[in-house]
Amino acid sequence: MTSVVFIGILLLTLLIAVFSRSGKDVMNVEEYLVGGRSFSGMILFFLAVGEVYSIGTMIGFPGGIYAMGPSYGIWFLAYILLAYPVGYYIAPLIWRAGKKYGAMTLPDIFKGHYSHRGLELIITLAFLIFLIPWAQLQFQGLIVALSALGFNLSPTVAVLISGAIAYIYISVSGVKAPALISIVKDILMFGAIVVVGIVVIVKVGSVSDLFALVKAKGASVTIDQPKDIVYTVTTSFVQAIAFNFALIVAAVMTAKSEATVKKTQRFMPLYMLMYPFLVVTAYYALVAIPNLEQPNNAFIASSLALLPSWLVGLVAAGAALSGILVLSVISLSLGGVVSRNLVRNIPERSQRKWVQIFVLVYLLISMFITIYVPQLMLNIIEMAYYGFAQFVPGLLSVFFFRKVTPRGIISGVVAGTATAVLMHFNHINVFGINIGLISLIVNFIVTYAVSIVFKGSFQLVTPIAGRRSKNEKIISVNVSNNVALIQPDESKQS
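Residues numbered from 1 in each chain as written. Predicted model: local features only at pLDDT ≥ 70, side-chain atom pairs only at ≥ 80, totals over all residues. Heavy atoms only, no water.

From N to C terminus, the chain includes 21 helices and two strands. Scored against the burial criterion, the 494 residues of the chain give a buried share of 56%. When the accessible area of the chain is evaluated, it comes to approximately 20900 Å², of which 65% is carbon and sulfur surface. (Helix = DSSP H or I, 4+ residues; strand = E, 2+ residues; numbered from the N terminus. Buried < 20%, exposed > 50% of the residue type's maximum accessible area, 1.4 Å probe, protein only. Areas by Shrake-Rupley, 256 points an atom, 1.4 Å probe, with all protein chains shown as cover.)

For the rest of this paragraph, the subject is the packing of aromatic side chains. Evaluation of the coordinates by the stated rule reveals 17 aromatic pairs. Centroid distance phenylalanine 127 to phenylalanine 391: 6.3 Å. Interplanar angle 40°. Geometry classified as tilted. Taken as a pair, phenylalanine 127 in helix α7 (residues 117-148) and phenylalanine 391 in the loop between α18 (378-389) and α19 (392-399) lie far apart in primary sequence, 264 residues in all. Taken as a pair, phenylalanine 127 and phenylalanine 391 share a single burial class, namely buried. (Phe/Tyr/Trp six-rings, centres within 6.5 Å; stacked < 30°, edge-to-face > 60°.)

Time to look at the nonpolar core. Counting residues in hydrophobic clusters, the biggest one holds 168 residues, and the most contacted among them are Tyr53, Ile80, Phe110, Phe245, Tyr275, Phe388 and Phe399. Per-element tally for this core: the top contributor is helix α16 (residues 309-342), with 18 residues. (Core = buried A, V, L, I, M, F, W, Y, C linked by side-chain atoms within 4.5 Å.)

Let us now look at the pattern of salt bridges. Two side chains with opposite charge may pair up if their charged atoms get near one another. Taken as a whole and judged by the stated rule, the model has six salt bridges. Close ionic contact of arginine 96 with glutamate 258 constitutes a salt bridge, the shortest N to O distance being 2.8 Å. Of the two residues, arginine 96 is situated in helix α5 (residues 70-101) and glutamate 258 in helix α13 (residues 258-267); the sequence distance between them amounts to 162 residues. The residues arginine 96 and glutamate 258 share a single accessibility class, namely buried. (Salt bridge = Lys/Arg side-chain N within 4 Å of Asp/Glu carboxyl O.)

Counted at 1.5 Å a residue, the expected span for helix α17 (residues 348-372) with its 25 residues is 36 Å, and the 36 Å between its end C-alpha atoms agrees. Of the residues making up α17, those classed as buried are Ser350, Gln351, Val355, Gln356, Phe358, Val359, Tyr362, Leu363, Ser366, Met367, Ile369 and Thr370. Those residues of α17 hidden inside the fold are in contact with α2 (29-34), α7, α8 (155-173) and α16. (Expected span 1.5 Å × (residues − 1). Contact = heavy atoms within 4.5 Å.)

What follows covers the confidence of the model for the chain. Any region with low pLDDT has predicted coordinates that should not be read closely. When pLDDT is averaged along the chain, the result is 84; 90% of the residues meet or exceed 70. Long-range and interchain partners of residues 469-494, a stretch whose pLDDT sits below 50, account for 47 contacts in this model, where long-range means more than four residues apart. (pLDDT = per-residue confidence, 0-100.)

Another point: the environment of histidine 113. Of note, histidine 113 is situated in helix α6 (residues 106-114). The class for histidine 113 is buried, based on a relative accessible area of 1%.

As a further point, take a nonpolar patch on the surface. A cluster of nonpolar side chains, contributed by Leu125, Ile129, Leu342 and Val343, occupies part of the molecular surface with about 280 Å² of accessible area. Note that valine 343 resides in the loop between α16 and α17. Residue valine 343 is classed as partly exposed on the basis of its relative accessible area, which comes to 32%. (Patch = residues over 30% accessible without salt bridge, like charges linked within 9 Å, V, L, I, M, F, W, Y side chains within 5 Å.)

Our focus in this paragraph is the side chain of threonine 105. Relative to the elements of secondary structure, threonine 105 occurs in the loop between α5 and α6. Among the polar contacts listed, one links the side chain of threonine 105 to the side chain of asparagine 341, at a separation of 2.7 Å. Not counting residues up to four positions away in its chain, the partners in contact with threonine 105 are Met253, Gly336, Val337, Arg340 and Asn341. (Polar contact = N/O pair within 3.5 Å; in protein donor to acceptor, adjacent residues only side chain to side chain.)

The next point concerns the packing of α6 against α7. Running from amino to carboxyl end, α6 crosses α7 at an angle of 170°, the nearest separation of the two axes being 9 Å. The angle between α6 and α7 falls in the class roughly antiparallel. Touching Leu106, Pro107, Phe110, Lys111 and Tyr114 of α6 are Leu119, Glu120, Ile123, Thr124 and Phe127, all from α7. (Axes fitted to C-alpha atoms, helices over the stretch in contact; angles between N-to-C directions. Parallel < 35°, antiparallel > 145°, perpendicular 65-115°, else oblique.)

Another aspect to go through is α19. With eight of its eight residues buried, α19 lies for the most part within the structure. All buried positions along α19 are accounted for by Val392, Pro393, Gly394, Leu395, Leu396, Ser397, Val398 and Phe399.

Glancing now at the side chain of threonine 13. Locating threonine 13 in the fold gives a position in helix α1 (residues 2-19). Taking relative accessible area as the criterion, threonine 13 reaches 0% and is therefore assigned buried.

Okay, the environment of isoleucine 193 next. Examined against the element boundaries, isoleucine 193 turns out to sit in helix α9 (residues 176-204). Separated by 85 residues in the primary sequence, isoleucine 193 and leucine 278 have C-alpha atoms spaced 6.4 Å apart. Here isoleucine 193 is in contact with Met58, Met274, Phe277, Leu278 and Phe299, once residues within four sequence places are set aside.

The phi dihedral of arginine 37 falls on the positive side, at around 50°, and the residue is not glycine. Residue position: arginine 37 is located in the loop between α2 and α3 (41-52). Owing to a relative accessible area of 8%, arginine 37 belongs among the buried residues under this scheme.

Okay, the packing of α9 against helix α14 (residues 275-288) next. One can describe the packing of α9 onto α14 by two numbers: an axis separation of 8 Å at closest approach and a directional angle of 55°. By the angle between their directions, the pair α9 and α14 is classed as oblique. The two elements α9 and α14 meet at a crossing, and its hand is left-handed. Taken together, the residues of α14 that come into contact with α9 (itself represented by Ile193, Val194, Val196, Gly197, Ile198, Val200, Ile201, Lys203 and Val204) are Phe277, Leu278, Val280, Thr281 and Tyr284. Looking at the contact of α9 with α14 residue by residue, the classes come out as 11 nonpolar, two polar and one charged. (Left-handed = near helix turned anticlockwise from the far one by under 90°. Nonpolar A, V, L, I, M, F, W, Y, C, P; charged D, E, K, R; others polar.)

On to the environment of glutamine 294. With respect to the helices and strands, the residue glutamine 294 is situated in the loop between α14 and α15 (298-306). On the accessibility criterion, glutamine 294 (45% relative accessible area) is partly exposed. Along the backbone, glutamine 294 and alanine 67 are 227 residues apart, and their C-alpha atoms lie at a distance of 9.1 Å.

Here's what the structure looks like:
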């Protein structure tokens, strides 16, 4: 029954992917990468939270609590909670910049705002380096989840099937298919987590009874080491801002208006209601299923022990889709960056075809690395958030600061990334402060200093957050020439 339910849901999502293309015989690259900037608040909600809550939510979060205690859980919750208020103010500006410059990728924003090829290339290379291992992370999560659920698939077969499904999703209609399938995935994942959590509470008696059992086992339920607190707080801060300034850019640009982005951000924290159920499930596994060889199996092992087979099938489908969907969106983002920002002079009418080619190449390389050399990207995965944080000073300059120059941003990105790499590989610890925060501070200082000292003849650009007449709206743009056309706004956007 588990396999029947699991396969049935995957087939349903493939039908949804095919349906998402209906009525569109030909798609331009804007429709393919950012859905023609037409997504409603509901679709944007599910697409955006799909980026936040990947397979790591189901296996990594309870597995981290199982193996490392409450400090892991508090960090995980803190950075996501902090990301929401940051996103409320930043995400609408990302959309505004995307609309103004016709941007469909993060480097497009810098290209449109500064018209500087060197800056565009540096942002592109940094983005690709730190995004490349993200697919491997999803593949490895899928292998862990499916093997723990009892599916007798070799890692090679699991990776090949997952990669093929991810490619089908995005090859049919670009970002629209993952957006629609995200609705199914999020309902399954949220429902599975809540159901397992409720069953745990009913079985144990109450949450207080569960924590009493945990304490009796000698496990900790509080953070009592100051060093852990410093690292948890600084890590939460860095990852909250890095997430908003890098990983959700593509999703935000799909919205039909700036107001839609802001409205969606208000409701996204509701998704956090599932975390208490994950916490109790993690502690239940610690008490009832001790000595797991793989701590990441904590949630899956609890599901197998407590649920009937058909519900286990729903859990399996939710876990698989949470990894495959993130994998597909990541691949699409990378394909867009390569075809629009790394490789020059690809005509816009040909970019969709090249995006598909680059996506396929990326997936094949990621599958090969996952199967044959899984340790190759380990250090880059650990450093990914450090790297994404380096875009923060540049994007804040696009949004708010007129006096920052492309040369300053380039210098800051290079200095910040070099600081993170040196500290990471030399295991330098400064009072338990997260390396990403230290490298980000270096980035800010260098960006500002170089911009002031080496102004050159660069013409300063008005920031995106600068005031704009209420009766004007941007209707079209030429990214290469950095020229926006403006006309009176005759209707309110919603």
